Amino acid sequence: LNSNGGFPSSFSWQEHNEVNSVPAHHGAREPICKCGDLDVIFNYKASSQKLAVTVLEARDIPDKDRSGVNTWQVHIVLMPSKKQRSKTSVQRGPIPMFKDKITFSKLEPEELSSHAVRFRLYAVHKVIGEKMMGEQLFYLSNINQEVETKVTLVLEPRSNLSSADSQLSLSAISHSDSASSTQSLSHGGVPELLVGLSYNATTGRLSVEMIKGSHFRNLAINRPPDTYGKLCLLNSVGQEMSRCKTSIRRGQPNPVYKETFIFQVALFQLSDVTLMISIYNRRSMKRKEMIGWISMGQNSSGEEEQSHWQEMKESKGTQVCRWHTLLES
């Protein structure tokens, strides 16, 4: 709660409960089991416009039998822009002590109510990389300015996080849904895309599922866009091997595509190909504009994309789904 015990108008009671207790979901769906507790200290100084976040320790986290590892790391992101992000050191044991301090800068006092910090606990494995175990959001309207605030966050397990929940961050923070469409379009979160990947080494089938998008918008006009996704598979020198596209979703800022595309890629080629996914807003029969793009494989557009591709290679044919922030063209 902020110092006067009140809530900013753009948040509902429920969202504040989610921050301070076991997440109360939109259908009062209790977590199957929580993924652990994370102790964090927030310290905001208005004079320097800096927020110091100290990640102390995690407790009651999945044991080695469940997670397969005993090594942990926390990823921290300032929402909704996601431009400022950091990671803790990697720590071992059933109660990893991080004691890492992360500083977010250029955060004005009046901006606190529209921002949150997202914490994700990752199990870190030398060979197969990292696996997200659980996450929680902390709305910055809950901190007392100029006073250290110590909080225990209840981490929601990955198995409970439907894509919609992990996106709760953006819609809840950007503005209440009752805000005018212009406002929500101009202050909305960044465009993101949920993609599912799987690869069968025996058959050489690379399966790409375009699941859904979030925060797609028309740049020029204030109405929800008509969008479609285009997928291109490129060889090691950037030549197009094959391409396909989804059907159009009309007038939806958060479109659900649920379309799967299969590419034939031999195992020895898998390290050399690049999968490009672009989302287009179709303005008219002749005009289209790119909302954003990502690439995975040999030339990945970022760390998230690279680790998703890596996780797919190691998942032996089971589908791996992840959200990706679209890059502007």
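Just above sits the structure.
None of these values were measured; they are calculated from a predicted model.

How each quantity is defined
- Residue numbering note: each chain is counted from 1, following its sequence as written.
- In keeping with the predicted nature of the model, local features appear solely for residues at pLDDT of at least 70, side-chain atom pairs appear and are counted solely at 80 or more, and the whole-chain, interface and lining totals rest on all residues.
- The basis for every side-chain value is the complete set of heavy atoms in the structure, and neither hydrogens nor water enter the calculation.
- DSSP bridges decide pairing: two strands pair if at least two such bridges lie between them.
- Only runs of H or I of at least four residues qualify as helices and only runs of E of at least two qualify as strands under DSSP, and these elements are numbered from the N terminus.
- Whenever a helix is involved, its axis is fitted only over the stretch in contact; in every case the axis is a line through C-alpha atoms, and angles between N-to-C directions fall within 0 to 180 degrees.
- The contact definition used throughout considers only heavy atoms, calling two residues in contact when any of these lie within 4.5 Å.
- Accessibility here uses a 1.4 Å probe with only protein chains present; expressed as a share of the type maximum, an area under 20% marks a residue as buried, one over 50% as exposed, and anything in between as partly exposed.
- Definition used in this section: a nonpolar core is a set of buried Ala, Val, Leu, Ile, Met, Phe, Trp, Tyr and Cys residues joined via side-chain atoms within 4.5 Å.
- The working definition used for a salt bridge is a side-chain nitrogen of Lys or Arg within 4 Å of a carboxyl oxygen of Asp or Glu.
- Put simply, a disulfide is two cysteine sulfurs that come within 2.5 Å.

1. Comments concerning the sheet that holds strand E10 (residues 192–200)
With respect to topology, four strands assemble into an open sheet ordered E14-E11-E10-E17, the strand pairing being antiparallel. Among the strands making up the open sheet, the edge pair consists of strand E14 (256–264) and strand E17 (320–325). Averaged over all pairs of adjacent strands, the angle between their axes in this sheet comes to 25°, without regard to strand direction. Running at roughly 170° to E17, helix H5 (residues 303–314) makes contact with E10, strand E11 (205–214) and E17 of the sheet.

2. Points about the pairing of strand E16 (residues 288–297)
Within E16, seven of the 10 residues are buried, which leaves it mostly tucked inside the rest of the structure. Note: strand E15 (residues 274–282) against E16, nine bridges, orientation antiparallel. If you follow Leu 275 over to E16, its bridge partner there is Met 296.

3. A closer look at the sheet that holds strand E12 (residues 227–234)
Here we have four strands laid out as an open sheet, ordered E13-E12-E15-E16, and antiparallel in their pairing. Two strands in the sheet have a free side with no partner beyond their single neighbour: strand E13 (240–245) and E16. Sheet twist, expressed as the mean angle between neighbouring strand axes with direction ignored, is 20°.

4. Overview of the nonpolar core
Core analysis: the biggest nonpolar cluster contains 31 residues, and Leu 38, Phe 42, Leu 51, Val 117, Phe 119 and Leu 140 have the highest contact counts within it. Secondary-structure elements contributing two or more residues to this core are strand E1 (36–45), strand E2 (50–59), strand E3 (71–79), strand E6 (97–104), strand E7 (116–125), strand E8 (129–139) and strand E9 (149–157). With residues near it in sequence (within four places) discarded, Leu 38 still touches Val 55, Glu 57, Ala 58, Val 74, Phe 119, Val 151, Thr 152, Leu 153 and Leu 155. Leu 206, Leu 275, Ile 277 and Ile 294 belong to the second-largest nonpolar core, a separate cluster that totals 25 residues.

5. Brief notes about the pattern of salt bridges
Between side chains of opposite charge, a pair can form as their charged atoms come close. On inspection of all chains with the given rule, the structure shows 13 salt bridges. One salt bridge connects Arg 59 with Asp 37, and the closest N-O pair in it is separated by 4.0 Å. Taken as a pair, Arg 59 in strand E2 and Asp 37 in strand E1 lie far apart in primary sequence, 22 residues in all. With relative accessibility at 23%, the residue Arg 59 sits in the partly exposed group.

6. Remarks on the state of the cysteines
The full count for this structure, using the stated rule, is zero disulfides. Here Cys 244 is not cross-linked by a disulfide; its sulfur's nearest cysteine counterpart is in Cys 232, at 7.8 Å.

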